Amino acid sequence: MSFKFISPRPIKSDSHRALASHWDRLAAGRRFPAFTEFKPAPGSYDAGQLVVWSIEGAGRLQKFRALFQGEDVAEVFNSAWAGKTMDQVVPMSLRRVTLDAAKECASSGCLVYTIISTFDANSQRVDCERLLLPFGRDGSKVEQILASLQLKSVAGGIQRKKILNSFQLQADLLFSGKIKSGFTRTDPAPAIPVIEFREVAAGTHPAPEDAVSKTAPARRGAADAAIGESRRATRRNVLRAARISFGKKSVTCTVRDLSATGASIEGAKLAQAPDSFTLTLEMESAARPCRVVWRKKARIGVRFG
């Protein structure tokens, strides 16, 4: 992942802006403040949306261990994180973007802001806005990271206990950027280029234009509905690179829709695929065992397990 320098202007949430401004004022000319200094005004943030991580080791051995987990975060992930590392608690589909952002925050000493998007069971877009704030005692080495996570939906009424399933099926990175300290003391017209917003899809939240890595694909119509497969779980239209493996062969393909029980796969070389193989999606290391349930020209449907 790449993280461009941005101004704070793309941050959407008022509470995220308040946290960022308080952090910057505390830095007072340093790269970042000490965690013991961090005392934001009551009402300017929601403790239920926060996670505090301590940083252990460096390089390939670097780990992020949870010291505190807010109630809202615990409800979404349905697990207690205290004492566990980030790679232990974050689902595989979110692990790369989550860890990359934490590593960038730790190495650069900058605020890191990301937006990850999915669609819920009602096909309504849900964004997870994540702000990471670095802290350290001497302003030279980041020792803790405070993460603030907010879920946003155009339709409202997010079901926290169910939305993780949607992010596990489809997680699109819409925005990533980092912010240096010192922005509260600069002229309102920032010297750093500001990434402007545009509409990613009709009827959805706008997302910053230059940082859109991939947006959720448009919903397909009756053509896919006509595919003769009995589906037990709601499917999401996706567009994710993947590969299937069988024997000693590996074939690249594209996953076009995905559910907890199966998927629809496209590829020029799928005709050579046997009835059973494993599927590995981009940004995931776990391979899913698959069994073919239907075949069409350059497209197959599979059931997991």
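Predicted model, so just to flag it, every value in this text is computed and none were measured. (Residues numbered from 1 in each chain as written. Predicted model: local features only at pLDDT ≥ 70, side-chain atom pairs only at ≥ 80, totals over all residues. Heavy atoms only, no water.)

A. Seen up close, the overall build of the protein chain. Assigned secondary structure in the protein chain consists of 6 helices and 15 strands. Here the protein chain holds 305 residues, and the buried ones make up 50% of them. If you take every contact in the protein chain between residues at least 6 apart in sequence, the share linking residues at least 24 apart comes to 61%. (Helix = DSSP H or I, 4+ residues; strand = E, 2+ residues; numbered from the N terminus. Buried < 20%, exposed > 50% of the residue type's maximum accessible area, 1.4 Å probe, protein only. Contact = heavy atoms within 4.5 Å.)

B. Representation of the pattern of salt bridges in the model. Enumeration over the complete set of coordinates arrives at 13 salt bridges. Close ionic contact of Asp100 with Arg96 constitutes a salt bridge, the shortest N to O distance being 3.8 Å. Taken together, the positions of Asp100 and Arg96, both in helix α4 (residues 92–108) and 4 residues apart, correspond to about one turn of that helix. (Salt bridge = Lys/Arg side-chain N within 4 Å of Asp/Glu carboxyl O.)

C. Focus on the side chain of Gln170. Within the secondary structure, Gln170 is located in the loop between α5 (160–169) and β7 (172–179). Accessibility expressed as a relative area gives 1% for Gln170, which makes it buried. At 2.7 Å, the side chain of Gln170 and the side chain of Asp172 are in polar contact. (Polar contact = N/O pair within 3.5 Å; in protein donor to acceptor, adjacent residues only side chain to side chain.)

D. Focus on the sheet that holds strand β12 (residues 262–266). Taking strand neighbours around the barrel as the criterion, the 6 strands line up as β10-β11-β12-β15-β14-β13 in a closed arrangement whose pairing is antiparallel. Between one strand axis and the next, the sheet turns through 45° on average, direction left out of account. Here strand β10 (residues 236–246) pairs with strand β11 (residues 249–258) via 9 bridges, running antiparallel. Its bridge partner lying in β11, Ile244 is registered against Val251. Sitting on the sheet, α5 is in contact with β10, β11 and β14 (288–296), with an inclination near 55° to β10. (Pairing = 2+ DSSP bridges. Axes fitted to C-alpha atoms, helices over the stretch in contact; angles between N-to-C directions.)

E. Here's a closer look at helix α1 (residues 14–27). With 14 residues, α1 should reach 20 Å at 1.5 Å per residue; the first-to-last C-alpha distance of 20 Å fits that figure. Listed as buried for α1 are Ser15, His16, Leu19, Ala20, His22, Trp23, Asp24, Leu26 and Ala27. Summarising the contacts, the buried residues of α1 are in contact with β2 (50–56), β4 (111–119), β5 (125–135) and β6 (144–153). Residue Ala28 follows α1 closely and has a positive phi angle near 45°. (Expected span 1.5 Å × (residues − 1).)

F. A look at the pairing of β6. In terms of residue burial, β6 counts as a mostly covered element, since 7 of its 10 residues are buried. Two elements, β2 and β6, share 5 bridges in a ladder whose sense is antiparallel. Bridging from a neighbouring strand, Val52 pairs with Leu146 of β6. In this sheet, β6 lies alongside β5 in antiparallel orientation, the contact comprising 10 bridges. The residue of β6 that forms the bridge with Phe135 is Gln144.

G. Summary view of the sheet that holds strand β3 (residues 63–69). Strand order in this open sheet of 7 strands is β1-β7-β4-β5-β6-β2-β3, and the pairing throughout is mixed. Looking at the sheet topology across the chains shown, the edges are occupied by β1 (4–5) and β3. Sheet contacts for α4: β2, β3, β4, β5, β6 and β7; angle to β5, the most-contacted strand, approximately 25°. Of the strands in this sheet, β4, β5 and β6 are in contact with α5, which crosses β4 at around 90°.

H. Quick peek at the pairing of β11. With antiparallel pairing between neighbouring strands as the criterion, β10 and β11 make up a hairpin whose turn holds 2 residues, including Gly247 at a positive phi of roughly 60°. Between β11 and the antiparallel strand that follows it, β12, lie 3 residues.

I. Structural context of the environment of Ala273. Along the polypeptide, Ala273 turns up in the loop between β12 and β13 (276–281). Residue Ala273 is classed as buried on the basis of its relative accessible area of 5%. Through-space distance from the C-alpha of Ala273 to that of Val292 is 9.1 Å; in sequence the pair is 19 residues apart. Sequence-distant contacts of Ala273, that is, excluding residues within four places in its chain, are made with Ile244, Phe246 and Arg295.

J. Representation of the nonpolar core within the structure. Residues Trp53, Phe64 and Ile145 are the most contacted members of the largest nonpolar core, which totals 54 residues. Broken down by element, the residue count for this core peaks at 7 residues, all from α4. Among residues more than four places away in sequence, those in contact with Trp53 are Phe64, Arg65, Ala66, Trp81, Lys84, Thr85, Met86, Val89, Glu143, Gln144, Ile145 and Ala147. By size, the runner-up hydrophobic cluster in this structure holds 21 residues, among which are Leu270, Leu279, Leu281 and Val292. (Core = buried A, V, L, I, M, F, W, Y, C linked by side-chain atoms within 4.5 Å.)

K. How the structure looks around the packing of aromatic side chains. For the structure shown, the criterion picks out 5 aromatic pairs. Site record: aromatic cluster; members linked through ring pairs are Phe35, Phe38 and Phe135. Taking NZ or CZ as reference, Lys178 lies 4.5 Å from the ring centre of Phe5, over its face. Here the basic side chain of Lys180 rests over the ring of Phe5, its NZ or CZ set 4.8 Å away from the ring centre. (Phe/Tyr/Trp six-rings, centres within 6.5 Å; stacked < 30°, edge-to-face > 60°. Lys NZ or Arg CZ within 6 Å of the ring centre and 35° of its normal.)

In short, shape yes, function no, at least from these values alone.
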